[in-house]
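Fold and contact review
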Amino acid sequence: MAVTIEDLYRSYGVLADAKDNLSQHKDAYQVILNGVKSGPKEKRLAAQFIPKFFSSFPELADSAINAQLDLCEDEDVSIRRQAIKELPRFATGENILRVADILTQLLQTDDSAEFNQVNGALVSIFKMDAKGTLGGLFSQILQGEDIVRERAIKFLSTKLKTLPEDVMTKEMEDYVFAETKKVLEDVTGEEFVLLMRVVSGLRVLQTVNGRQQLVELVVEQAFLEQALNPADPDTVDRLLQCTRQALPLFSKNVHSTRFVTYFCEHVLPNLSALTSPVAELDIQLEVLKLLAEMSPYCGDMDKLEPNLNMLFTKLLEFMPVPPEEAENGENTASEEPKLQFSYVECLLFGFHQLGKKLPDFLIEKVDAERLKDFKIRLQYFARGLQVYIRQLRVALQGKSGDALKTDENKIKVVALKITNNINVLIKDLFHNPPSFKSTVSLSWKPIQKSEAVAPKRPSTEEMGAADGTKKQVSLQPRRDARQIYNPPSGKFSATIGNFTYEQRGGFRGGRGRGFGGRGNRSRGRIY
């Protein structure tokens, strides 16, 4: 016989009046449990009454949790929400892990209000027992079905940082780090990014040693011990992802040496052969930007000279030879070589940073003919640079505020920063001997408040190599800059500002250590 509303209220009254003798009224509690098999109204009442007396009947704990769980899976969304709302009241003692496991699986709901309720319930039991809640979450991340795993990882990446220190103690953070390392043995690209966000935010890892541990995690995922296959977009994607996750961790005490070495030895030689994982991504520029950003944090390098030579070689490729002149002083070439400022900024910056470690490289390690060729290219590039800097300053003259916020002027502002950076670095190399003392802020890095955005009249220093170059590097007669350089199209990359590449889903490929498509996981209810 089905339980009615009257039966439920009667049983509730018996239990409410029993006070200290609740355990003697097991039958009344059983009637409430049976209410989950009745109609919608009875189910809603049962969802409220079951948790109220749960702690008084330990021998019926499994039955009570299963009854509430049935309500959490009901077809009626209002019943599900009521049941979920009450779930944290079951999270006592040894039940905490099971409740956390159940709530984690309930994250797969497509109902937004229900999803928010599950999130709230998880946060509330976190404050009761952080380790038990984490145990339930990581259990599902390691063993649950894909949608549950994905949402559990996202929950950790967004909610952990909001929990107070008395909840996320050092012990809990150590536990999170240890469990995350287990998960990282088999992840997709998107999961890797989210999990790195989780561990990077742990207070226990905000030390030099902690940062170094995080770098080690990324190094393991990056497969830096393997040669790069430039034709495989998944391999390239993995390297980009890992490098971008490692970048914020580098400092004067946490070195980027292994990544910089790998880029010099495996990436730069294959730069033109790299296959982009995203169609609209300029993969060569992306790689060069990453290398430039890492280079200031490079420590002692075992193969410094050959790696510096590779940078030098690649820099030469992007610095064109001046066109031949006819007897009348006109260029014989049909069109001027294109000056690829965005690429040169990255390569010059990287060369400048590593050059500090071997300042006599250009004097003692490069033969005379090659050095002469480099200086000719450098001077030609510098002279063309001055024309473009002047044109940019004229174009931006008198503009400020909203006028600088148009797409066209934003590009010009960044272009001016790129050209000024190259100008400063070239001037250092024009010194005799070459100097590596100047500092610049890479053009795509956020502009500091102290940096002036509006253009100003160029000083003698800013006019650069064409006007301030020392005599010993003038290896050929001066030519009118307007004759040798007409700013060509395509001189800057379309991604001229900050990095535009973001993770776009998991990496493809077979299951295995690190990134890849994970194998099929269990399906269905496994509470």
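Residues numbered from 1 in each chain as written. Predicted model: local features only at pLDDT ≥ 70, side-chain atom pairs only at ≥ 80, totals over all residues. Heavy atoms only, no water.

1. Comments concerning the overall build of the protein
Per the secondary structure count, the protein includes 22 helices and two strands. Here the protein holds 527 residues, and the buried ones make up 52% of them. Entry remark: accessible area of the protein is about 24600 Å², with carbon and sulfur atoms responsible for 48%. (Helix = DSSP H or I, 4+ residues; strand = E, 2+ residues; numbered from the N terminus. Buried < 20%, exposed > 50% of the residue type's maximum accessible area, 1.4 Å probe, protein only. Areas by Shrake-Rupley, 256 points an atom, 1.4 Å probe, with all protein chains shown as cover.)

2. Regarding helix α12 (residues 208-222)
Its 15 residues give α12 an end-to-end C-alpha distance of 21 Å, which sits within 8% of 21 Å, the value for a rise of 1.5 Å per residue. Turning to α12, its buried residues are G210, L214, V215, L217, V218, V219, Q221 and A222. In the stretch just after α12, F223 is the one whose phi turns positive, near 55 degrees. (Expected span 1.5 Å × (residues − 1).)

3. Observations regarding the packing of aromatic side chains
The full count for this structure, using the stated rule, is 16 aromatic pairs. Between F318 and Y343 the ring centres are 5.1 Å apart and the planes differ by 10 degrees, which places this aromatic pair in the stacked class. With F318 in the loop between α16 (304-317) and α17 (341-355) and Y343 in helix α17, this pair connects stretches of sequence that are 25 residues apart. Note on accessibility: F318 and Y343 belong to one class, buried. Clustering of aromatic rings is evident, with ring pairs tying together F312, F351, F361, F374 and F436. One residue, R238, lies across the ring of F223, its end atom 4.2 Å from the ring centre. (Phe/Tyr/Trp six-rings, centres within 6.5 Å; stacked < 30°, edge-to-face > 60°. Lys NZ or Arg CZ within 6 Å of the ring centre and 35° of its normal.)

4. Quick word on the pattern of salt bridges
One pass over the full model with this rule turns up 20 salt bridges. For E150, the salt bridge identified is with K154, shortest N-O distance 3.2 Å. With E150 and K154 both in helix α9 (residues 146-159) and four residues apart, this pair spans about one turn of that helix. Between D373 and R377 there is a salt bridge, with the nearest N and O atoms lying 2.8 Å from each other. Here the residue D373 and the residue R377 both occupy positions in helix α19 (residues 368-396), the gap between them amounting to four residues, near one helical turn. The class of R377 is buried, set by a relative accessible area of 17%. (Salt bridge = Lys/Arg side-chain N within 4 Å of Asp/Glu carboxyl O.)

5. A short note on unusual backbone geometry
Cis geometry marks the peptide bond from N432 to P433; its omega dihedral reads 0 degrees. With respect to the element layout, P433 can be found in the loop between α20 (407-430) and α21 (465-468). In the Ramachandran plot, F223 falls in the positive-phi region, its phi being about 55 degrees despite a non-glycine side chain. Mapped onto the secondary structure, F223 falls in the loop between α12 and α13 (233-246).

6. A word on helix α8 (residues 130-143)
Along its 14 residues, α8 runs 20 Å from first to last C-alpha, staying within 8% of the 20 Å computed at 1.5 Å per residue. Of all the residues in α8, the buried ones are A130, G132, T133, L134, G135, G136, L137, F138, Q140 and I141. Looking at the buried positions of α8, the neighbouring elements they touch are α6 (96-106), α7 (112-128), α9 and α10 (170-183). The N-cap of α8, judged by a side-chain oxygen 3.3 Å from the amide nitrogen of K131 a few residues on, is D129. (Contact = heavy atoms within 4.5 Å. Polar contact = N/O pair within 3.5 Å; in protein donor to acceptor, adjacent residues only side chain to side chain.)

7. Description of the environment of G355
Among the structural elements, G355 can be located in helix α17. Taking the C-alpha atoms as reference points, G355 and F312, separated by 43 residues in sequence, lie 9.8 Å from one another. Those residues in contact with G355 that sit more than four places away from it in its chain are L308 and F436.

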